[in-house]
Amino acid sequence: MIGIIDYNMGNLASVYNACHLLDAKASIVKDPNELKNYDRIILPGVGAFADAMSHLNETGMKEAICEFAKTGKPMIGICLGMQLLFESSQEFGHNDGLGLINGEVVKFDKTKMNEDFKIPHMGWNTIINKNNPLFDGLKDPYLYFVHSFHAVTSEENVIGKTVYGYEFVSAVNKDNIYGLQPHPEKSHDNGIQILKNFTKL
């Protein structure tokens, strides 16, 4: 059973519907005490890092997510959900994250990009992925992105990169913890394949 975490920051319906297409049993979880009952969890997210962490802290969901991570059961963060996995973010000042993966979240560096590249990075782009079970059977690497910030982390955690003005980290994996900057629930067959792989991890 997949738990999709509801912390008032995610496009829950899209993620839930994508799981339904896979015939994967999933439910939306708002109570942090219920997380331990699931085989795997998805941390979706759209919005501001600081607001998300504030809600996770206030509801006790941060502690519940960190405890779940210790169990070794698979979990994945999507878009903002991926960014929350890191130690901190520079979005609107310094903000602490979940600290499950070392590194920080930074804004796209316009000094490294020409004027043709607009922020946010929005639309379809490729992901250059390493040999990881999350990407098994992927027909092509096109996925849908919407974000203004990206992660910087140790190379050992990186399983995917994308080029937008310059190369940035777009997928990570540390032990049982996965993160994906693009939205698989908005990426048609490619995204469904990734979520299918997640259900088999």
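This report concerns the structure included in the present document. (Residues numbered from 1 in each chain as written. Predicted model: local features only at pLDDT ≥ 70, side-chain atom pairs only at ≥ 80, totals over all residues. Heavy atoms only, no water.)

**A word on the environment of histidine 147**
- With respect to the helices and strands, histidine 147 occurs in strand 10 (residues 142–147).
- On the basis of relative accessible area, histidine 147 is assigned to the buried category, the value being 5%.
- When the C-alpha positions of histidine 147 and serine 14 are compared, they lie 17 Å apart, and in sequence the two are 133 residues distant.
- Leave out the neighbours within four places in its chain, and histidine 147 touches Gln83, Phe108, Pro120, His121, Phe168 and Gln181.
- Among the polar contacts made by the side chain of histidine 147, one reaches the main-chain carbonyl oxygen of phenylalanine 149 at a distance of 2.7 Å. (Helix = DSSP H or I, 4+ residues; strand = E, 2+ residues; numbered from the N terminus. Buried < 20%, exposed > 50% of the residue type's maximum accessible area, 1.4 Å probe, protein only. Contact = heavy atoms within 4.5 Å. Polar contact = N/O pair within 3.5 Å; in protein donor to acceptor, adjacent residues only side chain to side chain.)

**Comments concerning helix 1 (residues 12–21)**
- All of the buried residues along helix 1 are Leu12, Val15, Ala18 and Cys19. Relative to the axis of helix 1, the buried residues are bounded by an arc of 135° and lie together on one face. Along helix 1, exposed side chains directed more than 90 degrees from the buried face belong to Ala13, His20 and Leu21.
- Contacts made by the buried residues of helix 1 are with strand 1 (2–5), strand 2 (26–29), strand 3 (40–43) and helix 5 (188–200).
- Taken from the residues just after helix 1, aspartate 23 is the one with a positive phi, measuring 60°. (Arc of directions from axis to C-beta.)

**Things to note about the packing of aromatic side chains**
- Scanning all chains against the criterion turns up 6 aromatic pairs.
- Between phenylalanine 108 and tyrosine 164 the ring centres are 5.9 Å apart and the planes differ by 70°, which places this aromatic pair in the edge-to-face class. Of this pair, phenylalanine 108 sits in the loop between strand 7 (101–107) and strand 8 (121–126) while tyrosine 164 sits in strand 12 (residues 158–164), placing them 56 residues apart in sequence. The exposure classification of phenylalanine 108 matches that of tyrosine 164, with both residues buried.
- Within the aromatic cluster, the residues linked to one another by ring pairs are Phe108, Phe117, Phe145, Tyr164, Tyr166 and Phe168.
- Looking at arginine 40, its charged tip hangs above the ring of phenylalanine 198, at a distance of 5.7 Å from the centre.
- When the ring centre of tyrosine 166 is taken as origin, the NZ or CZ atom of lysine 112, which lies over that ring, is 5.1 Å away. (Phe/Tyr/Trp six-rings, centres within 6.5 Å; stacked < 30°, edge-to-face > 60°. Lys NZ or Arg CZ within 6 Å of the ring centre and 35° of its normal.)

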